[in-house]
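# Fold and contact review
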Amino acid sequence: EFLGKVSADGQGRLYVASSARVYALTLEGEIRWSFPLKPPVGEFPGVPDVTISPTGLFVPSPEGRLYKLDLSDGRVLWSAKLKFDGNQQVVGLVDTAYMPTLDQGLVALNEQSGEVRWRSPFCLGPRGGVALLGRSRILVGERQTDSVSVGYGLDVCGGNASPLPS
């Protein structure tokens, strides 16, 4: 069983996913809790990367669901059915989680409920990526070919885009 990247929450807890489970570990490596992941739908390349927020753990699962788990016990706080390639990572700011998808572009989700706040056509497809630029902009990138990439800055409130300078 292969493990993904380990994330730490600053409270002495570690989180890591495999293709079959998400684990919460102590610093000594003891399992605090684990959460089973359903088998992939279609082809799911690699192991999901988990993302820690102050209010939970985001897990893009092989079955095509984004889960938000409770940090203390691993219970599901919410889940959202999204189409992604498995190599995408969630980023969050204040009360919103941002997830690149294959069919809806960048999706902004309410971090408390999982409801979609807005969608942007940018960052669509398996070659998209997302990062935060301060507190008001999101950087999204699309690799259109192996040698050509396009970047956009999006407003965090509504996903309105403007091209970034070259």
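Scroll up to find the structure this text is about.
Just so we're clear, the structure is a prediction, and the values are computed from it rather than from any experiment.

For the rest of this paragraph, the subject is the overall build of the protein. Each helix and strand counted, the protein has 0 helices and 16 strands in total. Across the 166 residues in the protein, those meeting the buried criterion constitute 46%. A separation threshold of at least 6 residues defines the contact pool for the protein, and within that pool the share at least 24 residues apart is 30%.

On to the side chain of S53, then. Within the fold, S53 resides in strand β5 (residues 51–53). Beyond its immediate chain neighbours, meaning those up to four positions away, S53 contacts F58, K68, L71 and E111.

Strand-to-strand pairing in sheets goes through backbone hydrogen bonds, with the strands running parallel or antiparallel. The sheet built from 4 strands is open, its strands ordered β9-β10-β11-β12 with antiparallel pairing. Among the strands making up the open sheet, the edge pair consists of β9 (91–93) and β12 (116–120). The average undirected angle you get between the axes of adjacent strands in this sheet is 20°. For strand β11 (residues 106–110) and β12, the ladder comprises 4 bridges, and the chain directions are antiparallel. Note that in β12 the partner of L106 across the bridge is S120.

Thresholds applied
- Residues numbered from 1 in each chain as written.
- Predicted model: local features only at pLDDT ≥ 70, side-chain atom pairs only at ≥ 80, totals over all residues.
- Heavy atoms only, no water.
- Helix = DSSP H or I, 4+ residues; strand = E, 2+ residues; numbered from the N terminus.
- Buried < 20%, exposed > 50% of the residue type's maximum accessible area, 1.4 Å probe, protein only.
- Contact = heavy atoms within 4.5 Å.
- Pairing = 2+ DSSP bridges.
- Axes fitted to C-alpha atoms, helices over the stretch in contact; angles between N-to-C directions.

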